[in-house]
Amino acid sequence: MGETRFESALADCLDEGLETTLAEARKGSREAFDALIRRFEKKVMKTALYLTGNLADAEDAAQEVYIKIFRFLPAQREEGKLERWIYRITVNAVRDLRRRRVLRLPIELFVAAVRPRDPVVRAEVQSRLLRGLGRLSFRERAAFILTQLEELETSEVAEILGCSPVTVRGHVHSARAKLRRSFRDLKEYAWTVL
């Protein structure tokens, strides 16, 4: 289904607004920088939350992202790649945070993904999901989250992670395989995870 003229005109206006905001932010306008952050803060927080597994670490990583955007925005000139640049900063901020401390994976983050009504089964599924996510390497988790939850193209994720699209697909495949192993004997609940 094609894009309507209205949708096309709206996208052009939003792009023009973003270009104006970017230009002003690069010149040092605090209001323009705040508008830019408001435009991307949900994506930054959601990605950081999925990567870290808890709100406190996600907020810390997001603050680092905003500082880096402010600091490096004047040098960033690839207009069409702004969103990917921000995702890359987010992934790197989480990676840096991870190096500084051990990230926690609270069960609360994954409660929405588990649907069994029986509280005993629900607790078991949550526990297995938590263990499965804990077994993923940072790159596996990042590739899985960015492609499956953020629905980015493999080529975009490859650019964000600084690797090839083949490597991204390998990380996603590996992540799924590791998560499936956590549910060998509870296959009916694997769909809630994968």
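For every chain, the first residue of the written sequence is number 1, and numbering continues from 1 along that sequence. Local features are withheld for residues below a pLDDT of 70 in this predicted model, meaning they are given only at 70 or higher, and side-chain atom pairs are given and counted only at 80 or more; totals for whole chains, interfaces and linings count all residues. To get the side-chain values, take all heavy atoms of the structure and skip hydrogens and water.

A. Geometry of the side chain of Arg 95. By secondary structure assignment, the location of Arg 95 is in helix H4 (residues 82-100). Of the side chains with opposite charge, Asp 96 comes closest to the buried, unpaired Arg 95, at an N-O distance of 6.4 Å. We call two residues in contact whenever any of their non-hydrogen atoms come within 4.5 Å of each other. Apart from residues lying up to four places away in sequence, Arg 95 is in contact with Phe 138, Arg 139 and Leu 161. The way it works is that DSSP assigns letters per residue, a run of H or I at least four long becomes a helix, a run of E at least two long becomes a strand, and they are numbered from the N terminus. Any residue under 20% of the maximum accessible area for its type is buried, any over 50% is exposed, and the rest in between are partly exposed; the area is computed with a 1.4 Å probe on protein chains only. Residues scored as charged are limited to Lys and Arg (positive) and Asp and Glu (negative), so that His and the chain ends carry no count. Salt bridges are defined by distance alone: a side-chain nitrogen of Lys or Arg within 4 Å of a carboxyl oxygen of Asp or Glu.

B. Structural view of the pattern of salt bridges. For the structure shown, the criterion picks out seven salt bridges. Here Glu 159 makes a salt bridge to Arg 84, at a shortest N to O gap of 3.0 Å. Here Glu 159 is found in helix H7 (residues 154-161), whereas its partner Arg 84 is found in helix H4, with 75 residues between them in sequence. Under the relative-accessibility criterion, Glu 159 is labelled partly exposed at 26%. Residues joined in a network through salt bridges with shared partners are Arg 84, Arg 88 and Glu 159.

C. Structural view of the packing of aromatic side chains. For this analysis, a ring pair means two rings from Phe, Tyr or Trp (six-membered ring only for Trp) whose centres lie within 6.5 Å, classed as stacked if their planes differ by under 30 degrees, edge-to-face if by over 60, and tilted for the remaining angles. Applying the stated criterion across every chain yields a total of one aromatic pair. Between Phe 33 and Phe 70, the aromatic rings sit 5.0 Å apart at their centres with planes inclined by 80°, giving edge-to-face as the arrangement. Here the residue Phe 33 occupies a position in helix H2 (residues 30-52), and Phe 70 occupies one in helix H3 (residues 55-72), the gap between them amounting to 37 residues. Among the residues examined, Phe 70 registers a relative accessible area of 49% and is labelled partly exposed.

D. Region of interest: the environment of Arg 139. Note on placement: Arg 139 falls in helix H6 (residues 138-149). Taking relative accessible area as the criterion, Arg 139 reaches 28% and is therefore assigned partly exposed. On a C-alpha basis, the gap between Arg 139 and Leu 161 in space is 7.7 Å, while along the polypeptide they are 22 residues apart. For Arg 139, the contacting residues outside a window of four places in its chain are Arg 95, Leu 161, Cys 163 and His 171.

E. Up close: the confidence of the model for the protein. On average, residues of the protein carry a pLDDT of 79, and 77% of them reach 70 or more. The predictor's confidence in any single residue is recorded as pLDDT, a number from 0 to 100. Element-level pLDDT for the protein is lowest in helix H9 (residues 187-190), with a mean of 60, against a maximum mean of 92 in H7. Of the regions scoring below 50 in pLDDT, residues 6-14 engages in three contacts with residues more than four places distant in sequence or in other chains.

F. A look at helix H5 (residues 119-135). Here, expected helix span is obtained from the residue count minus one, scaled by 1.5 Å. Helix length check: H5, at 17 residues, gives a terminal C-alpha distance of 24 Å against a target of 24 Å (1.5 Å per residue), a fit within 8%. Val 125, Gln 126, Arg 128, Leu 129, Gly 132 and Leu 133 are the residues of H5 that are buried. Looking straight down H5, one finds that the buried residues subtend no more than 165° of arc, so they occupy a single side. Facing away from the buried side of H5 by more than 90 degrees, the exposed set consists of Pro 119 and Val 120. The directions from the helix axis to the C-beta atoms form the arc being described.

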